[in-house]
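Residues per chain, in single letters:
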Amino acid sequence: MEPKVSDIASPLVSPPAVSVCPKISTLTKRADFVRTSNARRQGTTGVHLQARKRMDGEAIGIRVGYTCSKKVGNAVARNRAKRRLREIARMTLPNLGRDGWDYVLVGRNTTTGSIPFEDLLRDLHRALAKVHA
RNA sequence: GCGGGUGGUCGGAUGGUCGCGGGGUGGUAACACCUCGAGGAAAGUCCGGACUCCAUGAAAAGCACGGUGCUGGGUAAUACCCAGCGGGGGUAACCCUAGGGAUAGCGCCACAGAGAACAGACUGCCUUCUAUAUGGAGGUAAUGGUGAAACGGUGGGGUAAGAGCCCACCGCGGAUGUGGCAACACAGACGGCACGGCAAGCCCCACCGGGAGCAAUGCCAAAUAGGGGUCUCGUGUCGCUUGCGGCGUGGGUGCUUGGACCACAGAGACCCGGGUUGGCAGCUAGAGGCUGGUUGGUAACAAUCAGUCCAGAUGAAUGAUCAUCUCGGGGCAGCGAUGCCCUAGACAAAAUCCGGCUUACAGACCACCCGCACUU
RNA sequence: GCGGGCGUAGCUCAGGGGUAGAGCGAAACCUUGCCAAGGUUUAGGUCGAGAGUUCGAAUCUCUUCGCCCGCU
């Protein structure tokens with residue numbers, strides 16, 4: 001039997017202690033995106049991940065940004081891809097993300113909006129593991 | 001039943017769990033609760049407005065530039081809509097139509113053809129002259145072929161040959177009359193025919209448009225700077241009532257003109273260098289939409305009454321997932337009725353707002369109408 | 001969001017109503033022992049797409065698609 005999405009995510013969604021859970025904020029500045037893209041990167045079928053360990057004092061907590069260029073498609077396809085990226089980040093980063101890092105999730109050509117959701121989730125897990133290594 | 005035409009509607013539904021944006025309430029806060037949260041095209045940005053700023057005495061005038069272009073009406077306005085007219089298509093329902101002026105002027109009409117816009121004559125036809133030839137003079141425009149287009153068409157009379165030269169019909173122009181608010185329609189004396197096409201070529205005529213746009217504009221905070229160089233015009237003047245008037249200079253979001261206004265010691269142009277891309281307002285209730293009724297109108301639409309609804313983000317909010325149902329589609333089994341399984345599946349997401357236009361769109365539904373076939 | 005511009009041969013561009021062209025590139029041949037250069041010749045185009053105006057459209061008009069630039 002196929003594992004349900006809830007089975008994959010359940011250990012991750014289980015609420016961690018508040019003191020362990022860093023605050024997650026969204027990247028909005030272009031300069032942050034550029035700095036992150038110059039650091040570590042890892043591509044998978046569904047998502048392309050860029051990550052960077054910040055210098056001390058820049059900001060607090062985990063920060064995450066989302067990018068979907070016109071290659072992804074029209075406005076409907078871009079928004080849809082961005083929402084799916086937000087959802088997997090919400091389910092994953094509170095547990096697997098590291099404090100003091102910036103992450104940028106980039107939507108891929110046609111796959112981000114179309115592949116099954118659990119595949120997208122596994123792709124982010126793999127990409128995070130490789131980037132942290 | 002089949003085929004077609006017109007107008008319109010919808011664009012899955014319900015529930016659970018976890019999340020997102022705005023507003024409200026409570027709370028010191030974390031947060032909790034309540035409530036609202038994409039489209040018919042939100043799209044393209046092709047038009048028209050609202051609104052804001054700039055300019056302005058003024059909706060200034062003229063020129064330039066751009067647009068519109070049958071008539072009447074509707075509207076805040078339009079290139080939109082409605083009702084008609086003319087032209088074209090279709091057996092029909094019905095559809096399409098940038099549709100003013102070619103006698104204001106200029107320009108163009110390649111190739112072919114004798115000749116392409118003004119009457120002219122290559123091949124011809126007829127008469128005549130002579131030196132009888134591939135000749136000259138005259139008449140004619142019916143013949144031939146070319147071309148998108150050739151100076152009215154067909155038939156008859158007539159003639160040396162011919163010709164609206166004459167006649168009949170058709171076509172064209174058309175004084176005038178009738179109907180219509182008008183575009184225009186109908187009738188038509190008369191004219192023997194004179195007047196080719198292109199204005200989405202320049203242009204003429206009529207009407208419309210001041211320019212830029214929410215990245216407009218205003219405020220707050222921080223930071224940096226209160227820059228440098230070159231060039232041009234200036235450094236006012238007269239009067240008195242002593243802060244006003246005359247003159248002068250400079251200042252214009254296409255240009256010019258005149259006037260008013262502002263400034264009067266600085267103004268303008270170009271080049272070099274440096275800083276910031278934060279927050280708030282504008283920002284969503286308006287020529288508002290929808291539903292139902294009444295009145296006027298053929299209609300578009302207007303007036304009015306009642307009810308109801310209202311996204312406001314800014315790396316930009318609607319997602320993820322599960323279940324059930326239903327419309328279609330596909331597969332398998334079956335002669336069939338039907339059963340089982342899979343599958344929510346088109347275009348496309350607000351960005352100041354509104355009215356139109358155009359383009360994209362899986363599929364489903366409703367009403368009316370037309371043609372053909374069949375039955376009664 | 002607003003404003004502006006461009007689509008013609010494989011590439012860079014002319015042509016602005018009358019049979020689509022230039023340069024570079026490609027191919028074949030000549031030349032050479034071989035290559036380059038040179039010479040001769042050839043192929044290659046729905047003029048981004050669809051309608052309209054015209055006798056006739058790459059050209060004029062409208063619609064549409066794609067690409068590029070500027071404005072805080």
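Use the structure listed above.
Described below are features of the structure shown in this document. What you see is a predicted model, and the numbers here were worked out from it, not measured in a lab. (Residues numbered from 1 in each chain as written. Chains lettered and ligands numbered in written order. Predicted model: local features only at pLDDT ≥ 70, side-chain atom pairs only at ≥ 80, totals over all residues. Heavy atoms only, no water.)

Comments concerning the pattern of salt bridges
Threshold: Within this document, salt bridges are pairs made up of a side-chain nitrogen of Lys or Arg and a carboxyl oxygen of Asp or Glu, the two lying within 4 Å of each other. Under the DSSP-based scheme used, a helix requires at least four consecutive residues in state H or I and a strand at least two consecutive residues in state E, with every element numbered from the N terminus. Each residue is assigned to one of three classes by its accessible area relative to the maximum for its type, calculated with a 1.4 Å probe on protein chains only: buried under 20%, partly exposed between the two thresholds, exposed over 50%.
In the structure shown here, the tally under the stated rule is five salt bridges. Taking the shortest distance from any N to any O, the salt bridge between E87 and R90 comes out at 2.8 Å. With E87 and R90 both in helix α3 (residues 75-96) and three residues apart, this pair spans about one turn of that helix. Exposure remark for E87: the relative accessible area of 29% places this residue in the partly exposed category. Ionic pairing is found between D119 and R122, a salt bridge with its closest N-O pair at 3.2 Å. One end of the pair, D119, and the other, R122, are both in helix α4 (residues 117-132), three residues apart, so they sit about a helical turn from each other. A network of salt bridges, in which partner residues are shared, links R52, R63 and D102.

Some thoughts on the protein's contact with RNA strand B
As a reminder, the rule being used: Being near a molecule or strand, for a residue, means having at least one of its heavy atoms within 4 Å of it. Each polar contact in these results corresponds to two N or O atoms within 3.5 Å; when the atoms are within protein, one needs to be able to donate a hydrogen and the other to accept it, and residues that are neighboring in sequence are counted only if both atoms are side-chain atoms. Classification convention: Asp, Glu, Lys, Arg as charged; Ala, Val, Leu, Ile, Met, Phe, Trp, Tyr, Cys, Pro as nonpolar; all other residues, Gly among them, as polar.
Inspection of the region around RNA strand B gives 18 residues, with L27, T28, T67, R83 and R86 positioned closest. What you see for RNA strand B is that sugar and phosphate hold 60% of its atoms within 4 Å of the protein. Within the backbone of A75, one N or O atom sits 3.5 Å away from a phosphate oxygen of RNA strand B. Between RNA strand B and V76 there is a distance of 3.5 Å, counted from a phosphate oxygen to a backbone nitrogen or oxygen. Elements represented by at least two residues in the surface near RNA strand B include exactly α2 (30-37), β4 (62-67) and α3. Looking at the surface near RNA strand B, the element that brings in the most residues is α3, giving nine residues. Classifying every residue of the surface near RNA strand B gives six nonpolar, five polar and seven charged.

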